[in-house]
Amino acid sequence: GKLGAISVSTATAMISIANCTCKHVVFSVFGYKTSIMISDSKFHYIGLLEYLTSVYLTLLNRSTVFILRCSFEMNRAQFGGALVIYELDSAGMLDVTILGCTFRNNRALLGGALLLVSKGTFFIANSTFENNIATVGAAMMVVNDPRPDPTTPTIVLCNLTLVDVV
C-alpha cells in the first residue's frame, strides 16, 4: 500500500490522540505553545521509505508532550526510528513525559527508538526498549542543546534489552 500521512500545524492548542492504531501512516505535528497528549495508541511498521519516523513532533515556545501507554514497533527512519521530538525555539523549552510505553524492533542511524533534540525536561518511566538498533543510541539519543537551560533527562524504572548497534 501507499504511505499515508497525518500532519497538524497549530498554535496554542491541545492535541489529543487516544486509542489509535497507525500502520504505515506518519503522524507529524508542528506546534507553537502546543500541548500534545498521545495515549493508548499503536504506531507500527512506519517509515518504510527509510527517512520518515512514525511520530515526528516539531515544537516551539514552551510546548508540552505526554506519551502514555503507547506501543512503537517495527519502525524505520534515519533519525529516531519510532519517535522524534525536536524543539526549534532558542527561547522556549519543552516538557516531555513518556510513561508506560514499549519501543520494540525499531531502527535508525541515530536514536534507534527515540531521538530528542531539546532543552527543558525529559522524563521517561516504566517503559520498555527491546531490540532497537542504531549506529548511535540504540534505545534513545538525547541531544542536549548547548543553549542556556540544557535538557534535564530523567529515566527511571525502564527495561532495556538486546540493545544493539549497526
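Thresholds, definitions, all that
Residues numbered from 1 in each chain as written. Predicted model: local features only at pLDDT ≥ 70, side-chain atom pairs only at ≥ 80, totals over all residues. Heavy atoms only, no water. Helix = DSSP H or I, 4+ residues; strand = E, 2+ residues; numbered from the N terminus. Buried < 20%, exposed > 50% of the residue type's maximum accessible area, 1.4 Å probe, protein only. Core = buried A, V, L, I, M, F, W, Y, C linked by side-chain atoms within 4.5 Å. Contact = heavy atoms within 4.5 Å. pLDDT = per-residue confidence, 0-100.

1. Remarks on the environment of Leu-68
- With respect to the helices and strands, Leu-68 occurs in strand S8 (residues 64-68).
- Expressed as a C-alpha distance, the spacing of Leu-68 and Thr-97, which sit 29 residues apart in the sequence, is 8.1 Å.

2. Regarding unusual backbone geometry
- Residues other than glycine seldom take positive phi values, yet Met-74 does so here, at roughly 60°.
- Considering the arrangement of structural elements, one finds Met-74 in the loop between strand S9 (71-73) and strand S10 (83-87).
- Residue class for Met-74 comes out partly exposed when judged on its relative accessible area of 29%.
- In this model, Asn-131 sits at a positive phi of 60°, which is unusual for a non-glycine residue.
- Mapping Asn-131 onto the fold places it in the loop between strand S16 (128-130) and strand S17 (133-136).
- The partly exposed category is assigned to Asn-131, whose relative accessible area is 22%.

3. Details of the nonpolar core
- Formed by 34 residues in total, the largest nonpolar core has its most connected members in Ile-38, Leu-57, Ile-67, Ile-85, Ile-98 and Phe-103.
- For Ile-38, the residues in contact, after removing those within four places along its chain, are Ile-17, Phe-27, Phe-43, Val-55, Phe-66, Ile-67, Leu-68 and Cys-70.

4. Brief notes about the confidence of the model for the protein
- Per-residue confidence for the protein gives a mean pLDDT of 79, with 81% of residues at or over 70.
- Mean pLDDT values over the elements of the protein span from 54, in strand S21 (residues 164-165), up to 94, in strand S12 (residues 102-104).

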